[in-house]
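Okay, here's what each chain looks like letter by letter:
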Amino acid sequence: MDIAGKPMIEHVWLRAKQSDAREVVIATDDARIETVAKQFGAQVVMTRTDHVSGTDRLQDAAQRGWSDEQVVVNVQGDEPLIPPVVINQVAELLLQQPSADIATLCEAIHDERSFAIPMW
């Protein structure tokens, strides 16, 4: 999907690159995404095609080279407005709680107006 002249996945990748992450990798099973991502300079890991969720895909990618001690934050490819500080926040929470295997950050929606903020 094109957003303001760039693929949505590029917007997500750029946001992730603005975080404190040491490495940003796009994990996909789609050759079209791989091609586009490599065109804008992203590192890509091709995964199996039988995953039912992004979390499963992340696990597949993580098993290909990251140690169990590394913190991995899963940012979905349809989050072009994710604040880099949120990525940092999830990583920091996982670092502070070494017994946690997974964390999900969320924010309550209190009214429809706050939910319907224009994207661009």
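A quick note: this is a predicted structure, and the numbers were derived from the prediction, not measured.

Concerning the layout of surface pockets
Part 1 of the reasoning: Roughly 1,700 Å³ of volume is contained in the largest pocket.
Part 2 of the reasoning: Along the walls of the largest pocket sit 44 residues, with V73, N74, V90, A103 and L105 positioned nearest its centre.
Part 3 of the reasoning: Looking at the lining of the largest pocket, the element that brings in the most residues is helix α4 (residues 84-96), giving five residues.
Part 4 of the reasoning: Of the residues assigned to the lining of the largest pocket, the class counts are 28 nonpolar, 10 polar and six charged.
Part 5 of the reasoning: In terms of lining, the second largest pocket is formed by 36 residues, of which the most central are E23, V25, V72, V73 and N74.
Part 6 of the reasoning: Looking at the lining of the second largest pocket, the elements that each hand over two or more residues are α1 (8-17), β3 (25-28), α3 (54-62) and α4.
Part 7 of the reasoning: It is α4 that contributes the most residues to the lining of the second largest pocket, five residues altogether.
Part 8 of the reasoning: Looking at the lining of the second largest pocket residue by residue, the classes come out as 20 nonpolar, eight polar and eight charged.

As for the pairing of strand β4 (residues 43-46)
Part 1 of the reasoning: Pairing of β3 with β4, which is carried by four bridges, proceeds in the parallel orientation. By the bridge assignment, A27 is partnered in β4 with V45.
Part 2 of the reasoning: In this view, the connection linking β3 to its parallel neighbour β4 by way of helix α2 (residues 31-39) has right-handed handedness.

Describing the pattern of salt bridges
Part 1 of the reasoning: Taken as a whole and judged by the stated rule, the model has six salt bridges.
Part 2 of the reasoning: Note that R57 and D29 form a salt bridge whose closest N and O atoms lie 3.7 Å from each other. With a gap of 28 residues between them, R57 in helix α3 and D29 in the loop between β3 and α2 connect regions that are remote in the sequence.
Part 3 of the reasoning: You can call R57 buried: its relative accessible area is 14%.
Part 4 of the reasoning: On the accessibility criterion, D29 (27% relative accessible area) is partly exposed.
Part 5 of the reasoning: When salt bridges with common partners are traced through the structure, they connect R48, D50, D60 and R64 into a single cluster.

Overview of the packing of aromatic side chains
Part 1 of the reasoning: Counted according to the given criterion, the structure contains one aromatic pair.
Part 2 of the reasoning: With a centroid separation of 5.1 Å and an interplanar angle of 50°, the aromatic rings of W13 and F40 are classed as tilted. You can see W13 sitting in helix α1 and its partner F40 sitting in the loop between α2 and β4, a full 27 residues away along the chain. Per residue, the accessibility class of W13 equals that of F40, and both read buried.

A look at the environment of G77
Part 1 of the reasoning: On the secondary structure map, G77 appears in the loop between α3 and α4.
Part 2 of the reasoning: With relative accessibility at 33%, the residue G77 sits in the partly exposed group.
Part 3 of the reasoning: Linking G77 and D2, residues 75 residues apart in sequence, is a C-alpha distance of 13 Å.
Part 4 of the reasoning: When residues no more than four places from it in sequence are discounted, the contact partners of G77 are M8, I9 and V12.

Cut-offs applied
- The written sequence of each chain sets the order in which its residues are numbered from 1.
- The model is predicted, so local features are restricted to residues of pLDDT at least 70 and side-chain atom pairs to those at 80 or more, both for listing and for counting; the totals for chains, interfaces and linings are taken over all residues.
- Side-chain numbers here rest on the full set of heavy atoms in the structure, without hydrogens or water.
- Points on a 1 Å grid, built from protein atoms alone, make a cavity when a 1.4 Å probe fits but cannot get out and make a pocket when they are open with protein on both sides within 12 Å along at least 5 of 7 lines; residues with an atom within 4 Å of a point are the lining residues.
- Grid points are joined across faces, edges and corners, and a volume is the space filled by probe spheres set on the points.
- Numbering of helices and strands starts at the N terminus; helices are DSSP runs of H or I of at least 4 residues and strands are runs of E of at least 2.
- Just so you know the grouping, Ala, Val, Leu, Ile, Met, Phe, Trp, Tyr, Cys and Pro go in nonpolar, Asp, Glu, Lys and Arg go in charged, and all remaining residues, Gly too, go in polar.
- At least two bridges found by DSSP between two strands are what make those strands a pair.
- By convention, orient the strands away from the viewer: a clockwise path from the first strand over the helix to the second makes the crossover right-handed.
- A pairing counts as a salt bridge when a side-chain nitrogen of Lys or Arg comes within 4 Å of a carboxyl oxygen of Asp or Glu.
- Think of it in three bands: with a 1.4 Å probe and only protein chains considered, a residue is buried below 20% of the maximum accessible area for its type, exposed above 50%, and partly exposed in between.
- Paired rings are identified among Phe, Tyr and Trp, the last through its six-membered ring, by centres lying within 6.5 Å, and are further divided according to the angle between planes into stacked (under 30 degrees), edge-to-face (over 60) and tilted (the rest).
- Any two residues having at least one pair of non-hydrogen atoms within 4.5 Å are treated as being in contact.

On their own, these measurements won't tell you what the molecule is for.
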